[in-house]
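What the coordinates show
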Amino acid sequence: MGDGSDYLLLLDLKLLGKQLNKRIVLAQLLTIGLWLSIPLSLQPQQATSGSRPTASASQISNPPVVDGRMEDVAWEEIPIITGFVQREPMDGFPATERTEVRVVFDEEALYFGVWAYDSNPGGIIAGDQIRDYEVQDSDAVVMILDTYNDDQNGFVFGTTPAGIEYDGQVANEGQGSGRFLGGGFNPQRRFQSGSGAGFNKNWDGSWEVATSIDAEGWYAEFRIPFNTLRYGGNNETWGLNISRRIRRLNEESFWSSVPREFNLYRLNYAGTMIGLDPPFQRLGTVTPYVLSSTARNYEIGESSFGSDVNIGGEAKVQVTQGLTLDVTANTDFAQVEVDDQQINLTRFSLLFPEKRAFFLENAGFFAVGGGGADLFFSRNIGIVDGGRVPIKGGGRLSGKAGGMNLGLLHIQTGDSGGRQGDAYSVARVARELPNRSRIGALVVDRYRGGTSDHNRTYAADVRVGVGEAVTVTSFLAQTETPGLSDKERAFDLTVNGRTRDWALTLQGREIGENFNPEVGFLPRKGYRYYQSHLMRYLRPSQIFREIRPHVSYFTYRSRKTGIRRGFEESSRLHIDTHWEWPSGMVLYTGTNWISEGLSQPFAIQGTDVVVPKGSYDGWEAAFVLTTDASAPVSLDARTNFGSFLSGNSLSTTGSLTVRRGSSFTTSLRLGYNDVSLAEGEFETKLIGMNFGYFFTPRIYLQSLVQYSDQIDRLSANLRFGWLNTAGTGLFVVYNDIQGFEDLVTGMASGPLGRSLTIKYNRQLNVFGS
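Going along each chain's sequence as written, the residues are numbered from 1 onward. Reporting in this predicted model follows two pLDDT cut-offs: at least 70 for local features of residues, and 80 or more for side-chain atom pairs to be given and counted; totals over whole chains, interfaces and linings ignore these cut-offs and use all residues. Remark: hydrogens and water are excluded; side-chain values derive from all non-hydrogen atoms of the structure.

With respect to the overall build of the protein
Numbering of helices and strands starts at the N terminus; helices are DSSP runs of H or I of at least 4 residues and strands are runs of E of at least 2. Scanning the protein from N- to C-terminus turns up 2 helices and 43 strands. In this scheme, a residue with accessible area under 20% of its type's maximum is buried, one over 50% is exposed, and one in between is partly exposed, where area comes from a 1.4 Å probe on protein chains only. Looking at the protein residue by residue over its 769 residues, the buried ones come to 53%. All accessibility values rest on the Shrake-Rupley procedure with a 1.4 Å probe; residue burial counts only the protein chains present in the view. Accessible surface computed for the protein: about 32,100 Å², of which carbon and sulfur atoms make up 57%.

Points about the nonpolar core
Core analysis: the biggest nonpolar cluster contains 34 residues, and Leu110, Phe112, Leu145, Phe157, Leu240 and Met273 have the highest contact counts within it. At the level of elements, strand S4 (99-105), strand S5 (109-117), strand S6 (140-146), strand S7 (154-159), strand S11 (217-225) and strand S12 (238-246) are the ones that each hand at least two residues to this core. What is meant by a nonpolar core is a set of buried Ala, Val, Leu, Ile, Met, Phe, Trp, Tyr and Cys residues, joined one to another through side-chain atoms within 4.5 Å. The next biggest cluster of nonpolar side chains, apart from the first, holds 28 residues, and it includes Phe365, Ala459, Phe475 and Ala490.

With respect to the sheet that holds S5
Sheet architecture is open: 5 strands sit in the order S2-S4-S5-S11-S10, paired in mixed fashion. Every interior strand has two partners, whereas the edge strands, strand S2 (58-59) and strand S10 (208-214), have only one. Relative to S5, S4 runs antiparallel, the two being bridged by 7 bridges. Looking at the pairing, Val101 lines up with Val114 of S5. What makes two strands pair is DSSP finding at least two bridges between them.

Structural notes on the pattern of salt bridges
Think of a salt bridge as a Lys or Arg side-chain nitrogen and an Asp or Glu carboxyl oxygen that are within 4 Å of each other. This model, assessed by the stated rule, comprises 52 salt bridges. With a closest N to O distance of 3.5 Å, Arg436 and Glu173 form a salt bridge. Residue Arg436 is located in the loop between strand S22 (422-433) and strand S23 (437-448), and its partner Glu173 is located in the loop between strand S8 (166-170) and strand S9 (199-200); the two are separated by 263 residues in the primary sequence. Judged by relative accessible area, Arg436 falls into the buried class, the value being 3%. By relative accessible area, Glu173 is classed as buried at 3%. If you follow the salt bridges from partner to partner, you end up with Arg87, Glu88, Asp91, Arg245, Glu252, Arg260, Arg500, Asp501, Arg539, Glu546, Arg548 and Glu580 in one network.

Considerations on the environment of Ser257
Along the chain, Ser257 falls in the loop between strand S13 (251-254) and strand S14 (271-274). Between the alpha carbons of Ser257 and Ser243 there is a distance of 9.2 Å; along the sequence they are 14 residues apart.

Quick word on the side chain of Glu165
Relative to the elements of secondary structure, Glu165 occurs in the loop between S7 and S8. Within 3.5 Å is the distance limit for a polar contact, defined as a pair of N or O atoms, with the added protein rule that one can donate a hydrogen and the other accept it, and that residues adjacent in sequence qualify only through two side-chain atoms. Engagement of the side chain of Glu165 in a polar contact is seen with the side chain of Arg698, the distance being 2.5 Å. Here, residues are in contact when the closest pair of their heavy atoms is within 4.5 Å. Contact partners of Glu165, with chain neighbours within four places excluded, come to Arg131, Asp132, Gly158, Trp207, Glu208, Val209 and Arg698.

Quick look at the packing of aromatic side chains
Aromatic pairs are defined between Phe, Tyr and Trp rings, using the six-membered ring for Trp, whenever the two ring centres lie within 6.5 Å; interplanar angles under 30 degrees are classed as stacked, those over 60 as edge-to-face, and all others as tilted. Applying the stated criterion across every chain, the model contains 26 aromatic pairs. Through successive ring pairs, a cluster of aromatic residues spans Phe155, Phe157, Trp203, Trp207 and Phe222. Here, a charge over a ring is recorded when the distance from Lys NZ or Arg CZ to the ring centre is within 6 Å and its angle to the ring normal is within 35 degrees. Over the face of the ring belonging to Tyr148 we find Lys400, whose NZ or CZ atom lies 5.0 Å from the ring centre.

Focus: the confidence of the model for the protein
Atom-level detail of predicted coordinates should not be read off regions where pLDDT is low. Across the protein, pLDDT averages 86, with 86% of residues at or above 70. Contacts from residues 1-16, a stretch scored under 50 in pLDDT, to residues over four places away or in other chains number 8 contacts. Contacts for the low-pLDDT stretch residues 184-196, under 50 throughout, to residues beyond four places or in other chains number 55 contacts. Every residue gets a pLDDT, meaning the predictor's confidence in that residue, from 0 to 100.

Notes on a nonpolar patch on the surface
A residue counts toward a patch only above 30% relative accessible area and without a salt bridge, and it is joined to like-charged neighbours within 9 Å or, for Val, Leu, Ile, Met, Phe, Trp and Tyr, to nonpolar neighbours within 5 Å. A contiguous nonpolar patch, built from Val633, Leu635, Leu656, Val658, Leu668, Leu670, Ile687, Met689 and Val705 and spanning about 660 Å² of accessible area, is present on the exposed surface. At the level of secondary structure, the elements contributing two or more residues to the nonpolar patch comprise strand S35 (633-644), strand S36 (647-660), strand S37 (664-677) and strand S38 (680-696). Following the sequence through the fold, Val658 ends up in strand S36. Residue Val658 is classed as partly exposed on the basis of its relative accessible area, which comes to 34%.

Some thoughts on the side chain of Ser558
Structurally, the position occupied by Ser558 is in strand S29 (residues 546-558). Given the relative accessible area of 0%, Ser558 is considered buried. Polar contacts involving the side chain of Ser558 include one to the main-chain amide nitrogen of Lys560, which spans 3.2 Å. When near neighbours in sequence (up to four residues on either side) are disregarded, Ser558 contacts Gly526, Tyr527, Ile563, Arg564, Arg565, Gly566, Phe567 and Glu569.

Brief notes about unusual backbone geometry
In this structure, the amide linkage connecting Glu88 to the following residue, Pro89, adopts the cis form with an omega of 0°. Summarising the element assignment, Pro89 is placed in the loop between strand S3 (85-88) and S4. For Met70, which is not glycine, the phi dihedral falls at a positive 60°. For Met70, a relative accessible area of 11% puts it in the buried group. For Asn435, which is not a glycine, the phi torsion comes out positive at approximately 55°.

Quick look at the environment of Val519
Tracing the sequence through the fold places Val519 in the loop between strand S27 (502-511) and strand S28 (527-536). Residue Val519 is classed as buried on the basis of its relative accessible area of 3%. When the C-alpha positions of Val519 and Ile383 are compared, they lie 9.7 Å apart, and in sequence the two are 136 residues distant. Apart from the residues lying within four places of it in its own chain, the contact partners of Val519 are Leu375, Phe376, Phe377, Asn380, Ile381, Tyr424, Val444 and Arg446.

Here we look at the pairing of S10
Both S10 and S11 contribute to a ladder of 7 bridges, which runs antiparallel. Residue pairing for S11: Val209 is matched across the bridge by Phe222. Where S10 hands over to S11, the hairpin turn is made up of 2 residues, counted between the paired strands.

Structure below.
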């Protein structure tokens, strides 16, 4: 602190903040009460919809050329799929623009032709032309194929007027573990999710698409090989739904209408596609890779650049049309991918996603838990004490057999640092039942050869659909670790309800003190957790598209030895209203009552501040503004200010994105924390700059520059990609890491690390077509 006047000014600011927070809380409570009292009869009501539609696929001998021009005779005299119905903004009403879809197939592939007519073609928003771009930020057509016709699992394929490939796998209707609130207090990352999410966008299939635009709208042709799909015994009938987004109107419509409270992945609302005759083909592919790199680590005194060459790959064989065997050798560690840096002011680990291709297919089959308790998290395979160890090889058998979802996985890692490698085995089985229900079991094992060192997780899970609106999920799990006994169990029960006007979540969870899923993600243990969340959806006829007042609460109660039972480790009461405009711009106006209980002193990472044990609570205000993400310039700004542990904090994050057409985009990302505690003061800063130039949907140049003063690193990543199919191709990546303070003082003789990596992989058919 400075002189006495500075101290008095700080006291005045704290008192002002507390008074302001009290006023905000009172205003929030009055607002929530007003919103909840509005009768449903005063809101616009949805139009009624008819029964589920049926489409017919036509077999042809001469397939169309996939060029997006729609001039092939193959499309003539083919039944038309049309009659799209809005989900937003006027749910149940006819779409404002006409959409026509035709479906044909031959012995090798399924073809979709889409005519997306538009009375204002100059208003079409194409979006960035790079694979898996967020299609909600542009005009788009996305379809889902329920190839097992089980109303729960599917393959997603989509595109935009820019002609990108957008794909993914859906498991469990796209639902994860529900709305989890208690990710640990972190102003920069308030909510975390794990592998339990039901839509896996990282899956990359082998298929192709082409688009074109003219004065009447835009058009798309899809070719989806049958060997990219997995399907069951009832080959002639699949579930199908198709959505179209008109971004300038912020409108989404469906061929088979879906209630506003659900989305494309709610497959029991999908239509039916008949007339198919897909072949059984025992496909075999190999995807070899070669990776060459040169690197120098200045921190440990390396005097020159070292070089390394890795060769490995994967092979895939369809055992049956629904069951696939994958084998990997010297597994690719996704060295060409880079994680975004994050500021962490909490006591708990942050979650980074899995990016290795081998672990992505059918990842949803292995998911149990989620929301801060992922019982299997594949990213922990090949990671020991935060460091990477080589994966020698392994295999995975996954898919459907005998009406069961099946997943078997085995991976062997190599020795590292004098430590023997580990063998990882995972077995997952689940049976899907009517009305969105499911029952399953999971076993995860890690074993170090020649020793008694092992870890096992056993789990059973169930999901029950009650009517259309309510879903109940639960899991019971136990771990086995040498040296630990008792308190090795975990239990969760979650109830989710959703209607057009209301959303409700109730959850209870207990994690034992010695519950230890080493191949999962569990940032904290030894607690009981309770949460509730209630949201109202209001849709006024003017100014706002939707207003979403809501209130929620969660609490962690300690069950640890030596700590008073029921001691509150964390809790939050959240009162908020989301204000959404027709353009998609959203404003959040929230207030939180935050409580943190420390059972031992907490040293905040990257600082010399140590907060003593005790209980800390107080109010904070939270505001979020997200503008139209499809506009040439868009903003995402978030700020929290108020109580934090023994003092106060101001936390601000923001990103400003500028894009020009479909070829260029750049964004500036800033994160700033100003924390004043009784034990000391500190600031944290995170700065990032993204740049992307997209020559075609398959050729791109991207860069990412990041600085975090928590770890005192300035890192730069430059990546060139030339894709082929299924996310394979040529990648050239340059990385540079520098200590920022060294740059400022001029004391550094060079960077902390530099590397250049060149990787090429290619998917090849060995047998089958």
